[in-house]
Amino acid sequence: MTTPTLLASPFRLFFLLAGLYGAILVPLWLGILLGGWPAPALDPLRWHVHEMLFGLVGAAIAGFLLTAMANWTGTRALDGWGLLVLALAWLLGRLGPWLPGGHPLQVAFLDLLFWLGLALYVARVIIASGNRRNGVMVGVMALLFGVNLLIQLDFIGILPGVARLGEALAIDLVVLLMVVVAGRITPAFTANWLERQGGQRAWVRQSPRLDGLAIVATALMIPVDAWGGDPRIAALVALLAAVLNTLRLTRWAGWRCLGEPLLWILHLGYGWIVAALVLKGLAPWLPGVSPLLWLHAAGVGAMGTLILGVMTRVALGHTGRPLVLPRGAVLIYGLISLAALARLLAALGWAGYRGPLVLSGLAFSAAFALFLVLYWRILASPRVDGRPG
């Protein structure tokens, strides 16, 4: 039996789900916040934060990680019925808070089902293959499941008040994941492109020691935030991570690929990680720097930019197409950048709150909607080179 194209590789279905959810999630939230639309069976703000992290980001993580693991381990990527079941689990998690008469336990079960399945599958593949280099992925997936469980225990009422801690740890974990993954693919893709353009791979400099220190410093934010002591300690750790990740980024020769949008968007996304870490580090010391700035720089800026940057590139490369951005697709990058800047402006309050907030939400939604429009056919069509996947 022939596997349907959308189920031939994880990136196809999950990138489409991420694009669709990214297009509708923020406008839905704005309608609830500003327009009095019906809210889900959860605290609306907690639902919004949770769905950005565990819904939208979760779909993007699944699409990329399950596809990349096949290359890392030399195994077959999840496809067919197994992929469909995992995608349906993700969908049920999104629908759970909206089901009429749904008990909080049912909502929690539906949401945790996807993350448990994803964490177990990642662990099974990486451990069975002996791929020790990517063992960190097993730990991150397990911790994301655990943090989500912590948040759900708050929603259920068993551990009231812990959702905020869970959200902070989830953001730390996703930032760590981006530092690991983007820190691996960005310099590699840049060096490959420079070599094809007649340049030198040596222009992109990498230091395993610096990479390790940057990852460790970023990971250190997790136990420090979990401890919850003096916020200045967490700030110093964030500033250390910012310095080390800045050094990484400056060694990747991003200025040499300004003519290639599929590359500079990855450098820009990593730059948003650095900006977010700086804002987190400055928050306790400067009265005008709200903790919300770090959250939105990490969320809309880094996560939004890297999700779209990775999806627009992977969808081309893994369908056998040339790595050439479709006509008009660079607008995706402009829209997500506008969304990030407007969201920071709203948090600062320099131009009011409502106007920049709505602008950010509309730009964010438009970026993901345009991705859907331009990439639907690419993701739903067989590889142009005839290879499986």
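Residues numbered from 1 in each chain as written. Predicted model: local features only at pLDDT ≥ 70, side-chain atom pairs only at ≥ 80, totals over all residues. Heavy atoms only, no water.

Student: An account of the environment of Leu-220 is requested, with residue identities and associated values reported.
Tutor: As for its placement among the helices and strands, Leu-220 is situated in helix H7 (residues 208–227). Leu-220 sits in the partly exposed class, given a relative accessible area of 39%. In the structure, Leu-220 is positioned 17 residues away from Val-237 in sequence and 7.1 Å away in space, judged by C-alpha atoms. (Helix = DSSP H or I, 4+ residues; strand = E, 2+ residues; numbered from the N terminus. Buried < 20%, exposed > 50% of the residue type's maximum accessible area, 1.4 Å probe, protein only.)

Student: Explain the packing of helix H1 (residues 10–35) against helix H10 (residues 291–317) residue by residue, including any values.
Tutor: Following both chains from N to C, one finds H1 and H10 inclined at 150 degrees, their axes separated by 11 Å at the closest point. Here the hand of the crossing between H1 and H10 comes out left-handed. Taken together, the residues of H10 that come into contact with H1 (itself represented by Phe-11, Phe-15 and Ala-18) are Met-311, Val-314 and Ala-315. In terms of residue class, the contact of H1 with H10 is built from 6 nonpolar, no polar and no charged. (Axes fitted to C-alpha atoms, helices over the stretch in contact; angles between N-to-C directions. Left-handed = near helix turned anticlockwise from the far one by under 90°. Contact = heavy atoms within 4.5 Å. Nonpolar A, V, L, I, M, F, W, Y, C, P; charged D, E, K, R; others polar.)

Student: Would you mind going over the environment of Leu-112 in detail, with residue names and values included?
Tutor: The topology assignment puts Leu-112 in helix H4 (residues 104–129). Residues Leu-112 and Leu-370, spaced 258 residues apart in sequence, show a C-alpha to C-alpha distance of 30 Å. Excluding residues that lie within four positions of it along the chain, Leu-112 makes contacts with Phe-145, Asn-148, Leu-149 and Gln-152.

Student: Hey, could you go over H1 for me, with residue numbers and the actual values?
Tutor: When the terminal C-alpha atoms of H1 are compared, their 36 Å separation across 26 residues agrees well with the 38 Å that a helix rising 1.5 Å per residue should span. For H1, the tally of buried residues reaches 19 of 26 residues, placing the bulk of the element in the interior. In the segment just after H1, Gly-36 is the residue with positive phi, at about 70 degrees. (Expected span 1.5 Å × (residues − 1).)

Student: Give me the packing of helix H8 (residues 231–250) against helix H9 (residues 261–282): which residues, what numbers.
Tutor: Between H8 and H9, the least distance of the axes is 7 Å, while the angle of their chain directions is 155 degrees. Comparing their axes, H9 and H8 come out roughly antiparallel. Once H8 is placed against H9, the crossing between them reads as left-handed. Across the interface between the two elements, Ala-235, Ala-238, Leu-239, Ala-241, Ala-242, Asn-245, Thr-246, Arg-248 and Leu-249 of H8 pack against His-267, Tyr-270, Gly-271, Val-274, Leu-277, Val-278, Lys-280, Gly-281 and Leu-282 of H9. (Parallel < 35°, antiparallel > 145°, perpendicular 65-115°, else oblique.)

Student: Quick rundown of unusual backbone geometry? Include the residues and the values.
Tutor: Backbone geometry at Ala-253 places phi at a positive 55 degrees, although glycine is not the residue there. Following the sequence through the fold, Ala-253 ends up in the loop between H8 and H9. Judged by relative accessible area, Ala-253 falls into the buried class, the value being 1%.

Student: Tell me about the side chain of Arg-313, and name the residues and values.
Tutor: Locating Arg-313 in the fold gives a position in helix H10. When residues no more than four places from it in sequence are discounted, the contact partners of Arg-313 are Phe-189, Leu-262, Leu-263 and Leu-323.

Student: Talk me through the pattern of salt bridges; I want residue IDs and the actual numbers.
Tutor: Scanning all chains against the criterion turns up 10 salt bridges. We note a salt bridge from Asp-111 to Arg-94, for which the minimum N-O separation is 2.6 Å. With Asp-111 in helix H4 and Arg-94 in helix H3 (residues 80–95), the pair connects residues that are 17 residues apart, well separated along the chain. In this pair, the class of Asp-111 matches that of Arg-94, namely buried. Notably, a salt bridge pairs Arg-383 with Asp-385, separated by 2.7 Å at the nearest N-O pair. Residue Arg-383 is classed as buried on the basis of its relative accessible area, which comes to 13%. Through salt bridges that share partners, Glu-51, Arg-94 and Asp-111 make up one connected network. (Salt bridge = Lys/Arg side-chain N within 4 Å of Asp/Glu carboxyl O.)

Student: So what about the packing of aromatic side chains? Which residues, and what values?
Tutor: Applying the stated criterion to the full structure yields 10 aromatic pairs. Centre to centre, the rings of Phe-54 and Trp-115 are 5.5 Å apart; their planes meet at 85 degrees, and the pair counts as edge-to-face. Residue Phe-54 is found in helix H2 (residues 44–73), and its partner Trp-115 is found in helix H4; the two are separated by 61 residues along the sequence. Across the pair, Trp-115 and Phe-54 agree in class, each one buried. Clustering of aromatic rings is evident, with ring pairs tying together Phe-14, Phe-54, Phe-114 and Trp-115. Above the plane of the ring of Trp-72 lies Arg-184, whose end atom (NZ or CZ) is 5.2 Å from the centre. Above the plane of the ring of Trp-203 lies Arg-256, whose end atom (NZ or CZ) is 3.9 Å from the centre. (Phe/Tyr/Trp six-rings, centres within 6.5 Å; stacked < 30°, edge-to-face > 60°. Lys NZ or Arg CZ within 6 Å of the ring centre and 35° of its normal.)

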